[in-house]
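Chain by chain, the residues run as shown.
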Amino acid sequence: IMCASTKYNTRGPALIPRMKTKHRIYYITLFSIVLLGLIATGMFQFWPHSIESSSDWTVEKRSVHDVPVIKLPADSPLPERGDLSCRMHTCFDVYRCGFNPKTKIKVYIYSLKKYVDEYGTSVGNTISREYNELLTAISDSEFYTDDVNRACLFVPSIDVLNQNSLRIKETAQALAQLSRWDRGMNHLLFNMLPGGPPDFNTALDVPRDRALLAGGGFSTWTYRQGYDVSIPVYSPLSREVDLPERAPGPRRYFILSSQMALHPEYRSELEALQAENGESVLILDKCTNLSDGIPAVHKRCHKNQVFDYPQVLQESMFCVVLRGARLGQAVLSDVLQAGCVPVIIADSYILPFSEVLDWKRASVVIPEEKIPEMYSILQGVPQRQIEEMQRQARWFWEAYFQSMKAIALATLQIINDRIYPYAAISYEEWNDPPAVKWSSVNNPLFLPLIPPQSQGFTAIVLTYDRVESLFRVITEVSKVPSLSKLLVVWNNQNKNPPEGKILW
Amino acid sequence: MQTRKKYIFLTFLASWLLLFSFGGDQLRRFAFFSARKGEARKIWPRWTDRSLLRSFADPEELQSDGDPSLPSPRARRAARLNVYKNSRCRMETCFDFSRCEKNGFKVFTYPREKDQPLSESYDKILTSIERSRYYTPNPEEACLFILSIDTLDRDHLSGQYVRNVDEKIRGFSLWNGGRNHLIFNLYSGTWPNYTEDLGFDIGQALLAKASFYTENFRPGFDVSIPLFPKDHPQRGGERGWLSQDSIPPRKKYLLVFKGKRYLTGIGSGTRNALHHIHNGRDIISLTTCKHGKDWQKHKDTRCDKDNVDYEKFDYQELLHNSTFCIVPRGRRLGSFRFLEALQAACIPVLLSDGWELPFAEAIDWGKAAVVGNEKLLLQIPSAVRCLHPERVLAFQQQTQFLWDAYFSSVDKIVHTTLEIIKDRLLPHRSRSRFLWNALPGGLLVLPDFSTHPGDFPFYYLQQGSSPSEKFTALIRAVSPSGSLSQTILRLIQAVSASQYCAQILVLWSCEKPPPPRGRWPQTTVPLTIIQDRRK
């Protein structure tokens, strides 16, 4: 490089004047052509970037009420009920996902429509605030594609978050007429409140054929392991109330229950606990004598005492999350936000994102029949572990419960990990708070290795004073071929071990 | 002059080429965009009235989700017991927890019958249980029961198939519809479709089975175990083959397979395709058609050439010298190959759709194996090629840890099965996934002692914590007189004077109870006296 540059410096400037006119014109033309070419190439290189970021992504500004209306004939086809035997290798078409170096699945979102039945009555709420947030998050993520032909996963814009706010048969018909429905193959539905009175099914009742379900409140009998995704029930309260993180440590109460509509049987069991253990257990209930202006959802009462909800959750070490009519409860999200360790009492409940999250590090699960023993069970958890759990609970909320965006992205990541398992996110990345850096700096040289391969034993010699016999032992032992190391423990405090290499 | 011209020309050409090669990707994309001009890329609309949208559920509905008019929880639990049986069994519906409450987790094995020969493997399993800390010879105090009938091989064409199991079971007074029974099985079903039916009614018993298909697996109830050969050692077991200096982690071959190719029947789809990825250099995939008695009848054009190639390589040599090993399904989902690859630190690439991996309830297989998809065989070479060397090394080390912790002997396999079941009895006192998947493994971490990683020194490095500077003094008193001797008193005083002493524990192993609190010396550090109950 040095040589080349000096050459150009000394001879370069003199190059053009020394040439003949004919040659000069020839060179100038050549120069300008090449220069133009270079500029053009340079522009090509940077131009598409700007297209991608601004002008090519058009943002529509419309009202939800202006979306096209689709009329569903009464006899339009109905999908089959969900197939309980579905697994990724039987009901999912992996060929659509293909192999790509980024190992990211492509997700397509159907455009929003308003569905009405033959008589013009609406099938359900067009879209809820939360579902809009969820779709916006997917659309902004790197999973998104607007090209239906390249998509691997399809997300309908039909909002089924809450089963109570939709008409089951008509919603199913609306799903079946989606352009790429194909028996629900590679379609993903999000539902947080499944089932309805009186039996409250633990999965969405809308017939959905082979579609994957991201559901809040699965039981072990409706959850198709490795196919469905268990998600939390989002608590809109966390948007309104900001609970700053509290340092882990002891709290005023040991056990707190804040749910309002507990079954009387559970409530009496909890109250028995309170009677037994006094002040450290606090069982709250709905306030009955509030003045009109105050919203009941932000207050809880115990006898005449009024507490702010969810702030009161930060005053306790353990917070009870009992099942209601449904297994998934929004209070779990509030409890985690408060950094309170959830005590989950809901038999057969599949915890949110249980495929990847290690809930034993952030919660205590107690069988429903053991409620009377809850106090002694929790007493057995060591203090240091409780602090660890408090930290972990808060971290789970921040990473996976906080917003619809967090829930949507975690769900897609789980499905992505199943399709590209060799590029999957590890246990540590899912479960360790980012502050804990020690675990990510795994230098390959220091990865844990299994017992050393070298054969042989280590001899440990305990000695007090008798140096001579010690030396004899050492010489004898060192003759053994399989000896790999010799350790002498000097037990004499009054005397230092003999020094110097020669002696040994 | 000529040379100068040439130089200038070359310089420009080179810089142009460079720009093209860097900007080429964008250029290609540009061409793609211009083709679709007019239809701009669409994202989800930002609705003008999005802030006015209604929430999916109002707070009242979310917070008071519990209709008091519903059946009482107790009634619901009772009703559940009748609904969720057999193929829908779960611990809470098919397992009697009350049996384990009084005496803890105790395992009883039925007495072995003289006239009933046991297979070598089942004999080892029973021996492992009898050597376990949970064994009890007394059925009264047992929580889990193990049959003495060999149920490992349920292929009725096999010589070890035991007939009339149903009849025999009916004769057992302890059977109780299979409640709290654990049944071990390695092979189920037979040609041609190898169903997972065991050929007798298992009732409500738990199943510890190899080659489990996810659809038949009852999560949280059954246990998937690995298929192990009959010469698998009872205890101890061989080490893994990864030597400490295996850096860089890549070995001579990238990916290998050597095995049978089924010409017809179940599993042939996967095995028939394997030869496609063979490239003769770093990917060796060898198949033979020689299988069964009538292979000649089904043989195709490839067979003769493949059979010749097959003999050129040695299975053990390939195993030792490859980074990844393909572990495809056989007739059944699991194969011996899986454990062989694991021991050899040859990262298993699983092609066995729907296989519930061994001990998946506890073990995180994503760290030790590449779970492939039978349909995407052709993607496997590029997928494993793209893995970073440090990831490969981490995979290799995890295979060695798992082999050593859970698979290297029958004892380990059986004890892991028992520990997984025991962990379900007290969910609040069970191992987290972290404890199962980090050195030294779940068998050495007893939740009865602690479930907190901070209490075990082996996690210090991973947890970033270090041992405390202080020590705990443990004094075991065995004086026959039962009185406080001067020696103990002096020892306590001397030890407590140390600035590094955190606490003193006295283990009182005498016939007589320890002296009352007041007679012990006053110390600056906490002094705890534990009375040894056993002696």
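Cut-offs applied
- Residues numbered from 1 in each chain as written.
- Chains lettered and ligands numbered in written order.
- Predicted model: local features only at pLDDT ≥ 70, side-chain atom pairs only at ≥ 80, totals over all residues.
- Heavy atoms only, no water.
- Pairing = 2+ DSSP bridges.
- Helix = DSSP H or I, 4+ residues; strand = E, 2+ residues; numbered from the N terminus.
- Contact = heavy atoms within 4.5 Å.
- Axes fitted to C-alpha atoms, helices over the stretch in contact; angles between N-to-C directions.
- Disulfide = S-S within 2.5 Å.
- Buried < 20%, exposed > 50% of the residue type's maximum accessible area, 1.4 Å probe, protein only.
- Expected span 1.5 Å × (residues − 1).
- Parallel < 35°, antiparallel > 145°, perpendicular 65-115°, else oblique.
- Nonpolar A, V, L, I, M, F, W, Y, C, P; charged D, E, K, R; others polar.
- Polar contact = N/O pair within 3.5 Å; in protein donor to acceptor, adjacent residues only side chain to side chain.
- Left-handed = near helix turned anticlockwise from the far one by under 90°.
- Domains from an automatic or database assignment.
- UniProt positions renumbered as here; feature names shortened; annotations may be inferred.

A few words on the sheet that holds strand β15 (residues 364-365) of chain A. Residue and element names in this part refer to chain A. Pairing is parallel across the open sheet formed by five strands, whose spatial order is β10-β9-β13-β14-β15. If you trace the sheet from one side to the other, it starts and ends with β10 (281-283) and β15, each paired once. Across four bridges, the pairing between strand β9 (residues 253-257) and strand β13 (residues 316-322) is parallel. Looking at β13, one finds that Leu256 is bridged to Cys319. The strands touched by helix α7 (residues 264-277) within the sheet are β9, β10 and β13, with β10 carrying the most contacts at an inclination of about 150°.

Moving on to the state of the cysteines. Counted according to the given criterion, the structure contains eight disulfides over all chains. Across the disulfide from Cys97 of chain A sits Cys152 of chain A; the S-S distance is 2.1 Å. Handedness of the Cys97 of chain A-Cys152 of chain A disulfide follows from its S-S torsion of about 60°: it is right-handed. Taken together, the residues span a long stretch of sequence, with Cys97 of chain A in the loop between α3 (88-91) and β3 (107-109) and Cys152 of chain A in the loop between α4 (129-140) and β5 (153-155) at a distance of 55 residues. By relative accessible area, which is 10% here, Cys97 of chain A ends up buried. Residue classification places Cys152 of chain A among the buried positions, given a relative accessible area of 1%. Disulfide pairing is shown between Cys325 of chain B and Cys346 of chain B; the S-S distance is 2.0 Å. Between Cys325 of chain B and Cys346 of chain B the sulfur-sulfur dihedral comes to about 100°; the bridge is accordingly right-handed.

All right, on to α4 of chain A then. All names here are of chain A. Here α4 is twelve residues long and its end C-alpha atoms lie 16 Å apart, about the 16 Å a rise of 1.5 Å per residue gives. Summarising burial for α4: nine of the twelve residues are buried, a large majority. Among the residues of α4, Glu130, Tyr131, Asn132, Leu134, Leu135, Thr136, Ala137, Ile138 and Ser139 are the ones counted as buried. Taken together, the buried residues of α4 touch β3, β5, β6 (188-191), α6 (237-240) and α11 (404-419).

What follows concerns unusual backbone geometry. All names here are of chain A. A cis amide bond, omega 0°, links Pro197 with the succeeding residue Pro198. Along the chain, Pro198 turns up in the loop between β6 and β7 (212-215). Pro310 follows Tyr309 through a cis peptide bond whose omega is 5°. Its place among the elements puts Pro310 in the loop between β12 (305-308) and β13. With a phi angle near 60°, Asn186 is a residue other than glycine that sits in the positive phi range. On the secondary structure map, Asn186 appears in the loop between α5 (168-176) and β6. On the accessibility criterion, Asn186 (0% relative accessible area) is buried. The phi dihedral of Ser348 is positive, around 70°, even though this residue is not glycine.

Moving on: the environment of Ile377 of chain A. Within the element layout of this structure, Ile377 of chain A appears in helix α9 (residues 374-379). In contact with Ile377 of chain A, not counting residues within four places along its chain, are Ile366 and Lys370 of chain A together with His428 of chain B.

Time to look at the packing of helix α12 (residues 336-343) of chain B against helix α14 (residues 389-407) of chain B. All names here are of chain B. Two numbers describe how α12 lies on α14: the axes approach to 8 Å, and their chain directions differ by 120°. Relative to α14, the element α12 is oriented oblique. Note on element contacts: α14 touches α12 through Thr399, Gln400, Trp403 and Phe407, opposite Leu339, Leu342 and Gln343. Grouping the amino acids of the contact of α12 with α14 by side-chain chemistry returns four nonpolar, three polar and no charged.

A few words on the side chain of Ser235 of chain A. All names here are of chain A. Tracing the backbone shows Ser235 in the loop between β8 (229-230) and α6. The exposure class assigned to Ser235 is buried, which follows from its relative accessible area of 3%. Here the side chain of Ser235 touches Asp334 through a polar contact of 2.7 Å, side chain to side chain. Sequence-distant contacts of Ser235, that is, excluding residues within four places in its chain, are made with Ala330, Ser333 and Asp334.

Residue and element names in this part refer to chain A. Where α4 contacts α11, the two axes come as close as 8 Å, and the packing angle between them is 50°. Accordingly, the angle class assigned to the pair α4 and α11 is oblique. Of the two elements, α4 crosses α11, and the hand of that crossing is right-handed. On α11, the residues that touch Glu130, Glu133, Leu134, Ala137 and Ile138 of α4 are Met404, Lys405, Ala408, Leu409 and Leu412. Here the contact of α4 with α11 is composed, by residue class, of seven nonpolar, no polar and three charged.

To continue, consider the pairing of β12 of chain A. Residues and elements named next belong to chain A. Here strand β11 (residues 299-302) runs beside β12; their pairing, made up of four bridges, is antiparallel. Counted as the bridge partner of Arg300 is Phe307 from β12. A loop of two residues connects β11 with β12, the two strands running antiparallel in sequence, and Lys303 in this loop sits at a positive phi of about 50°.

Domains assigned within chain A are domain 1 (61-234 + 411-437), domain 2 (236-402) and domain 3 (450-490). Its C-alpha centre places domain 1 of chain A at a distance of 66 Å from the equivalent point of domain 3 of chain A.

Another aspect to go through is the UniProt feature "domain: Glycosyl transferase" (unreviewed entry) in chain A. Look at the UniProt record and you will see "domain: Glycosyl transferase" (unreviewed entry) annotated at residues 457-499 of chain A. For the annotated span residues 457-499 of chain A, helix accounts for 26% and strand for 35% of the residues, and the straight-line distance between the end C-alpha atoms is 25 Å.

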